[in-house]
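# Analysis of the macromolecular model
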Amino acid sequence: MDMNMATSKWSTDDETKRWIEDLKALQKLRGFEYKTETAFEWEELSNIVSEVKAFLISHDIIPSNRDDAESTWKMDMNPYYGSVFLCHNKMDTQRNAVSVFRGILGSRGITCKVVDYEKERDEMKLDVEKAIRNSTVQVIFLSENFVKCKDCLEEVDKIMKTKRPFEVKILPVFYNVPPSDVRHQKKGSAYDFINVESSTDEERKRWAEALYRLSHLMGFEYNTEKMFQWQTLDEIARNVEAFLNKQAISYNNKQKRENLYQEELDEVSKMIISEDFNSKDVFFVGVYERNEPTFAELIVKEFRSQFQACCFISDVRVEVSDREELAWKLYSDLLREPNQEPLSLSDVIKYRSHYEQLLRNKRCLVVFNKLGNDIDNLKASLDLVKANLRHGSLVILASRFQHVVKEEVKLDKFISLSSSLEDNRGFLTICYGSKGDIHEAFFDQLQETFSMLGLDVHLMSKETLSKDSTRPKNSLVIICIISQSLSISEFEGMLANAITHRPKVLYVSYGLPSKESTSKPCFKLKVNFEESE
């Protein structure tokens, strides 16, 4: 410690003498030596905090059995739970931002994987590909010297290309670097690839594309000169934590659904070995699942091994835009060998007849998940599947639009899944007399219209309501369809003893001009009963 106080301006001799004595006394106390050039910020500060905590406990200032707040995370909730992969250039961020960020996540029960983190040098070298593949979140600190490290660029390339069986979050952190530099890699910028030594044109092309795609993802800009470190990194950590919380809940719901749908899965299992199934080249199954689409994924998980090849289109509305794109997806997934690169679109067009012949010799499982209501595009896709699949192949069509899979497609089997996992309170209840005097398509379209708005819809017949009048007691809105089998007075009589609150009630007069009066809104539908329209 420098005891030379000559540089202290505006101080008296007495003040200088007193300060020197105080500093000498301070030197004799046990303390910590902290060098910012070599210290890992979180780890060093944690040591200081531990020392303070031990002192407070020893002097009965805080209880000795006081534990840190229990983490809200349960590591066994999800096999991928809490695994975050950090990609960074050690030169810029390892001892400061990454050290603190890693510590914040760790304090919340979230496991971090960091390549060659020096504080863990005694551990086995991290398997980068496995760590990326198994992590739920990847955070990339895009710092000034990032592109000078080929390993960092390769990690980004792997992150952007790795396909996983679960949803992931890729989070770029623009660390003292504007996103435009990362996106455009202009000459003279920190992200000019001239800074990468001994790289090939092919490598630079791959890295440039990966960084370009990464720069378009929603992330964080972190300017260390203008922003406080803890507040910024804590905000990023909370973003990660919120995503992991959502994923953990989603995983638990999937596990519940797997148990819930066991009866339907057993039904599919019996179907696959049935004579009817094996007598057809292609067997079409429609699945109506109004809520979170899970059943199609369960079918792939359960029955994939019984087929020679599998193509799973997780969201038809996003992944398939036309017939050519579907052909490319089918041929690429069903014909390529494990770990082989996807077929190119030009190859699919050039060797199409050859690929068609190869496909007809395989028994395939094809799943169209999250079908939209574009009927023309759907039919074109099905024509392509019918023309190319043989040998008892199975095609699953899953949609939240019941009329799409039930009326627009010729199915061999239709499966309608219950929504018993949803909150039984519901939001909207639709009451009716008898389905015999109301066209089935009207029910489907009415229910799906509200479902598309994200509302939980419950159908309830007059018979069900008379047996259990408490069923709609928590509904916020009730739509009552007045028809030949249910009048307004009948409905109001059944509802009177059912609820204590006042839900909003709407009436729909289905085809019959009602002579009854009501103060509630009433919508009248003209129906041609002879043609059942």
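Keep in mind that this is a model prediction, so the values were computed, not measured.

Cut-offs and rules
- Counting from 1, residues in each chain are numbered in the order their sequence is written.
- Local features in a predicted model are, by the rule used here, given only for residues with pLDDT of at least 70; side-chain atom pairs are given and counted only at 80 or more, and totals for whole chains, interfaces and linings are based on all residues.
- To obtain the side-chain values, all non-hydrogen atoms of the structure were used and water was disregarded.
- Categorising residues by exposure relies on relative accessible area from a 1.4 Å probe, with only protein chains included: less than 20% of the type maximum marks a residue as buried, more than 50% marks it as exposed, and the intermediate range marks it as partly exposed.
- Strands are runs of DSSP state E lasting at least two residues, helices are runs of H or I lasting at least four, and both sets are numbered from the N terminus onward.
- Only when DSSP finds a minimum of two bridges between them are two strands counted as paired.
- The axes used here are C-alpha line fits, helices contributing only the stretch in contact, and every angle between their N-to-C directions lies in the interval 0 to 180 degrees.
- Here a residue-residue contact requires only that any non-hydrogen atoms of the pair lie within 4.5 Å.
- We call a set of buried Ala, Val, Leu, Ile, Met, Phe, Trp, Tyr and Cys residues a nonpolar core when their side-chain atoms join them within 4.5 Å.
- pLDDT runs from 0 to 100 and stands for how confident the predictor is about each residue.
- Salt bridges are defined by distance alone: a side-chain nitrogen of Lys or Arg within 4 Å of a carboxyl oxygen of Asp or Glu.
- One less than the residue count of a helix, multiplied by 1.5 Å, gives the span that helix is expected to have.
- Any pair of Phe, Tyr and Trp rings, taking the six-membered ring for Trp, is counted once the centres come within 6.5 Å. Such a pair is stacked with planes under 30 degrees apart, edge-to-face with planes over 60 apart, and tilted for the rest.

## A closer look at the pairing of strand β1 (residues 83-87)
The buried count for β1 comes to 5 of 5 residues, which makes it a mostly enclosed element. Because side chains alternate across β1, one face comprises the buried residues Ser 83, Phe 85 and Cys 87, and the other comprises Val 84 and Leu 86, equally buried. Judged from the 4 bridges that link them, β1 and strand β2 (residues 111-114) form a sheet pairing that is parallel. If you follow Val 84 over to β2, its bridge partner there is Cys 112. Across 4 bridges, the pairing between β1 and strand β3 (residues 137-142) is parallel. Each residue of the ladder has a partner; that of Phe 85, found in β3, is Gln 138.

## What to know about the sheet that holds strand β9 (residues 390-399)
Taken in spatial order, the 5 strands of this open sheet run β7-β8-β9-β6-β10, and their pairing is parallel. Each end of this open sheet is capped by a strand with a single partner; those strands are β7 (309-313) and β10 (413-416). Mean inter-strand twist for the sheet, computed between neighbouring axes without regard to direction, equals 15°. The sheet contact formed by strand β6 (residues 282-288) and β9 spans 7 bridges and is parallel. Directly across from Tyr 288, in β9, lies its bridge partner Ser 399. Together, β6, β8 (363-371), β9 and β10 form the strand contacts of helix α10 (residues 262-272), whose direction differs from that of β10 by roughly 170°.

## Here we look at the nonpolar core
Counting 32 residues, the largest nonpolar core has Leu 334, Phe 368, Leu 389, Val 395 and Leu 397 as the members making the most contacts within it. Elements with a minimum of two residues in this core: β6, β7, α14 (323-335), α16 (352-359), β8, α17 (375-388), β9 and α18 (402-406). Looking at which element gives the most residues to this core, the answer is α14, with 6 residues. Here Val 395 is in contact with Val 282, Phe 283, Phe 284, Val 285, Val 366, Phe 368, Val 385 and Leu 389, once residues within four sequence places are set aside. In this structure, Ile 104, Ile 110, Tyr 117 and Tyr 222 belong to the second largest nonpolar core, which totals 27 residues.

## Topic: unusual backbone geometry
In this model, Asn 176 sits at a positive phi of 60°, which is unusual for a non-glycine residue. In the Ramachandran plot, Lys 370 falls in the positive-phi region, its phi being about 55° despite a non-glycine side chain. Topologically, Lys 370 is positioned in strand β8.

## Focus on the confidence of the model for the chain
Mean pLDDT over the chain: 79, with 80% of residues reaching 70 or higher. Within the model, the stretch residues 419-426 combines pLDDT values under 50 with 18 contacts to residues more than four positions away or in other chains.

## Some remarks on the sheet that holds strand β12 (residues 457-461)
Taken in spatial order, the 5 strands make up an open sheet running β12-β11-β13-β14-β15, and their pairing is parallel. Only two strands of the sheet have a single partner each, and these edge strands are β12 and β15 (522-525). Sheet twist, expressed as the mean angle between neighbouring strand axes with direction ignored, is 20°. Across 4 bridges, strand β11 (residues 428-432) lies against strand β13 (residues 477-482) in parallel orientation. For Cys 431, the partnering residue across the bridge sits in β13 and is Cys 480. Of the strands in this sheet, β11, β13 and β14 (504-510) are in contact with helix α21 (residues 488-496), which crosses β14 at around 150°.

## Some words on the pattern of salt bridges
If charged atoms from side chains of opposite charge come close, those side chains can pair. Overall, the coordinates contain 16 salt bridges when judged by the stated rule. Three or more residues joined by partner-sharing salt bridges are found here, namely Glu 154, Asp 157, Lys 161, Glu 202 and Arg 206.

## Topic: helix α2 (residues 41-58)
Counted at 1.5 Å a residue, the expected span for α2 with its 18 residues is 26 Å, and the 26 Å between its end C-alpha atoms agrees. Of the residues making up α2, those classed as buried are Glu 41, Glu 43 and Glu 44. Just downstream of α2, Asp 60 is the residue with a positive phi angle, here 55°.

## With respect to the pairing of β8
Counting buried positions along β8 gives 8 out of 9 residues, so the element sits mostly inside the fold. Relative to β8, β7 runs parallel, the two being bridged by 5 bridges. Residue pairing for β8: Ala 309 is matched across the bridge by Cys 364. Across 6 bridges, β8 lies against β9 in parallel orientation. If you follow Val 367 over to β9, its bridge partner there is Ile 396.

## Remarks on the side chain of His 88
Tracing the backbone through its elements, the reader meets His 88 in the loop between β1 and α3 (90-93). Among all residues touching His 88, those that are not within four sequence positions of it are Thr 93, Gln 94, Val 98, Val 114, Phe 141, Phe 146 and Cys 152.

## A short note on the packing of aromatic side chains
Scanning all chains against the criterion turns up 10 aromatic pairs. Here the aromatic rings of Tyr 261 and Phe 295 are separated by 5.7 Å at their centres, their planes lie at 85°, and the arrangement is edge-to-face. Of the two residues, Tyr 261 is situated in the loop between α9 (229-260) and α10 and Phe 295 in helix α12 (residues 295-303); the sequence distance between them amounts to 34 residues. By relative accessible area, which is 1% here, Tyr 261 ends up buried. Judged by centre distance (5.2 Å) and plane angle (50°), the rings of Phe 442 and Tyr 510 are tilted. With Phe 442 in helix α19 (residues 440-451) and Tyr 510 in strand β14, this residue pair connects regions lying 68 residues apart in the sequence.

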